[in-house]
Amino acid sequence: MKKCGKDLLLWILCVCITGTLCLIEAGIGMLRYDAEALTQDDGKIYITLQHEGNPLLEDVQYFAAIEEQLQRIEGAVYYEIYGQPIYLNDAEEETLAALQVSDNVLESFGIRIQSGRGFTKADYRIGERVIPVLAGAALAERFKTGDHFFGEYLFDEYEFVVIGILQEESWMKRSQGSWLLDESIVMPAFHVDEESGFGDGLRIHYANLTSGMLCTEAAQRDVVLEQAENILASEGQYGLTTSSMALWVKHMTGLSVQTMICCLVIMATGFGLLLLQMYWRKQSGLSRGFLLVVLLTNLIIVCVMGNWMRYEGIPINLFWSLCFVIYPLGLRLLRRKSQSE
């Protein structure tokens, strides 16, 4: 019974070491991912906002006030980018992919026009249900500059006027996601002069105006995130995600990834020293069955956590698992050799 208890403690220590090493490798993986994302985003950090409540419970002015506050955040640029399709009023009831953007998006993301014109400030305010749009290059055979078509956007009927055609392979690229606009309609994230001529879909549209992205320098990310949280905290209907995984972890736990890694290294070292001490005491008294159980346990943990972490931590833990088996087997072989001599 006493031997069984010691074996169980040894097994628990092995499991703790395996899990700790996985978490250390996950933390290193987060830092590696952030470095790659920062390079892809030209040194910028993107904080994405998402309204998660029922927009029909609030009025248009409520969302307009939040949007204005987001646009005034210091140290960041606020982009409104979201996708809501257009349902055409034709016999086939075709759906067109559509992207709604604020007036600072096309220039910032390098989107160019091959014919016609781009959006002006006037295009972002409409008085009637007439919306100017840009057509992707793949739609150029179907839509020409000056064409009109009718469709449903957010449960309301609109007339759409094609004012320009985008260049081929127009990309909006970010580490969190990219949009190829060749087969899409791009429309302004518009405001209305008078609400009375629109239905409830207008509230959803205005809620989407507050579900944009804050773009900031890496050095300003904490300051910008704090400002965004202060604006949205009283609402309780918004979620925040960021292109920096380390920033998200700090936001959720209050600890930086670097601090967590240091703590985990100390834990793994302590577990390892204790395990070596127990090994030394037991020496070759470990059965093959026990070694097999621990090895299988380690492999299960590595596979489960590796799948969760996109296989971060597998190499180091496979190495550790093999060492766990080789060390006592080596002791056993040395003991047999000394006994034979």
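Residues numbered from 1 in each chain as written. Predicted model: local features only at pLDDT ≥ 70, side-chain atom pairs only at ≥ 80, totals over all residues. Heavy atoms only, no water.

1. Some words on the overall build of the protein
Convention followed: Under the DSSP-based scheme used, a helix requires at least four consecutive residues in state H or I and a strand at least two consecutive residues in state E, with every element numbered from the N terminus. Contacts were defined at the residue level, with two residues in contact if any of their heavy atoms lie within 4.5 Å. In these tables, accessible area is a Shrake-Rupley quantity obtained with a 1.4 Å probe, and a residue counts as shielded only by the protein chains included in the view.
Regarding its fold elements, the protein presents nine helices and 17 strands. Residue pairs at least 24 apart in sequence account for 77% of intrachain contacts in the protein once pairs closer than 6 positions are excluded. For the protein, the exposed area adds up to about 18,200 Å²; of that, 58% sits on carbon and sulfur atoms.

2. Let's talk about the side chain of Ser170
For the record, the criterion: To sort residues, take the accessible area from a 1.4 Å probe on protein chains only and compare it with the maximum for the residue type: under 20% means buried, over 50% means exposed, and anything in between is partly exposed.
Locating Ser170 in the fold gives a position in the loop between β11 (156-166) and β12 (171-172). Given a relative accessible area of 5%, Ser170 falls into the buried group. Excluding residues within four positions of it along the chain, Ser170 makes contact with Ile111, Arg112, Trp179, Leu180, Leu181 and Asp182.

3. Examining the pairing of β11
Filter applied, for reference: Paired strands are those between which DSSP finds at least two bridges.
Of all 11 residues in β11, nine are buried; the element is thus mostly enclosed. Sheet analysis places strand β7 (residues 113-116) next to β11, joined by three bridges and oriented antiparallel. Pairing of Gly116 across the sheet is with Gly164, part of β11. Here strand β9 (residues 130-135) runs beside β11; their pairing, made up of six bridges, is parallel. Bridge pairing in β11 links Ala135 to Ile165. Of the pairings in the sheet, the one linking strand β10 (residues 148-153) to β11 comprises six bridges and is antiparallel in character. Note that in β11 the partner of Glu152 across the bridge is Glu157. Counting the residues in the hairpin turn of β10 and β11 gives two residues, including Leu154, whose phi is positive at 50°.

4. Re the packing of aromatic side chains
Convention followed: Aromatic contacts are taken between Phe, Tyr and Trp rings whose centres are within 6.5 Å, Trp giving its six-membered ring; a plane angle under 30 degrees counts as stacked, one over 60 as edge-to-face, and the others as tilted.
Counted under the stated rule, the structure contains 10 aromatic pairs. Residues Tyr62 and Phe63 carry aromatic rings whose centres are separated by 5.0 Å and whose planes lie at 80° to one another, so their mutual orientation is edge-to-face. With respect to burial, Tyr62 and Phe63 carry one shared label: buried. A connected cluster of aromatic rings, assembled from ring pairs, spans Phe143, Phe149, Tyr153, Tyr158, Phe160, Phe190 and Phe198.

5. Some remarks on the confidence of the model for the protein
Which entries qualify depends on this criterion: Scored from 0 to 100, pLDDT reflects the predictor's confidence in each residue.
Averaged over every residue, the pLDDT of the protein is 78; the share at 70 or more is 74%. Across residues 307-313, confidence stays below pLDDT 50; counting only partners more than four residues off in sequence or on other chains, it has nine contacts.

6. Here we look at the pattern of salt bridges
What counts here: Any Lys or Arg side-chain nitrogen located within 4 Å of an Asp or Glu carboxyl oxygen qualifies as a salt bridge.
One pass over the full model with this rule turns up six salt bridges. Among the ionic pairs, Glu68 bridges to Arg72, the shortest N-O distance being 3.1 Å. The partly exposed category is assigned to Glu68, whose relative accessible area is 44%. With a shortest N-O distance of 3.0 Å, Arg125 and Asp193 are connected by a salt bridge. Pair noted here: Arg125 is in strand β8 (residues 125-126) and Asp193 is in the loop between β15 (191-192) and α4 (201-209), with a separation of 68 residues, a long-range link. According to the relative accessible area criterion, Arg125 is partly exposed, its value standing at 45%.

7. Looking at unusual backbone geometry
For Leu154, which is not a glycine, the phi torsion comes out positive at approximately 50°. Secondary-structure assignment places Leu154 in the loop between β10 and β11. The buried category is assigned to Leu154, whose relative accessible area is 9%. You will see that Phe155, though not glycine, has its phi angle at about 70°, which is positive. Relative to the assigned elements, Phe155 resides in the loop between β10 and β11.

8. Considering the sheet that holds strand β2 (residues 76-79)
In a beta sheet, neighbouring strands pair by backbone hydrogen bonds and run either parallel or antiparallel. Where we set the bar: Lines are fitted to the C-alpha atoms to define the axes, a helix being fitted only along its stretch in contact, and any angle between axes, read from their N-to-C directions, falls within 0 to 180 degrees.
One open sheet accounts for four strands, arranged β2-β16-β1-β17; its pairing is antiparallel. If you trace the sheet from one side to the other, it starts and ends with β2 and β17 (238-242), each paired once. Neighbouring strand axes in the sheet, compared pairwise and without regard to direction, differ in orientation by 20° on average. In terms of strand pairing, strand β1 (residues 44-51) meets β17 through five bridges, oriented antiparallel. From the neighbouring strand, Ile47 faces β17, where its bridge partner is Thr242. Its contacts with the sheet put helix α2 (residues 60-71) on β1, β2, β16 (213-217) and β17, and the angle it makes with β2 is roughly 145°.

9. Quick word on the side chain of Asp123
Which entries qualify depends on this criterion: Distance and chemistry together define a polar contact, namely a pair of N or O atoms within 3.5 Å, with one atom able to donate a hydrogen and the other to accept it when in protein, and with adjacent residues in sequence counting only for side-chain atoms on both sides.
Take Asp123: it is sitting in the loop between β7 and β8. Here Asp123 falls in the buried class, since its relative accessible area comes to 8%. A polar side-chain atom of Asp123 sits 2.8 Å from a polar atom in the side chain of Arg117. Look past the residues within four positions of Asp123 in its chain and what remains in contact with it is Arg117, Gly118, Pro132, Ile163, Pro188 and Phe190.

10. Looking at the packing of α2 against α4
Note the following rule: Put simply, angles under 35 degrees are roughly parallel, angles over 145 are roughly antiparallel, angles from 65 to 115 are roughly perpendicular, and the rest are oblique. Two helices that cross are described as forming a left-handed crossing if the nearer one is turned anticlockwise from the farther one by less than a right angle, and a right-handed crossing if clockwise. Residue classes follow a fixed rule: Ala, Val, Leu, Ile, Met, Phe, Trp, Tyr, Cys and Pro count as nonpolar, while Asp, Glu, Lys and Arg count as charged, and any other residue, Gly among them, counts as polar.
Where α2 meets α4, the closest approach of the two axes is 8 Å, and the angle between their N-to-C directions is 15°. Taken as axis vectors, α2 and α4 run roughly parallel relative to one another. For the pair α2 and α4, the crossing hand works out as left-handed. Contacts from Val60, Phe63, Ala64 and Glu67 in α2 reach Leu202, Arg203, Tyr206, Ala207 and Leu209 in α4. A per-class count over the contact of α2 with α4 returns seven nonpolar, no polar and two charged.

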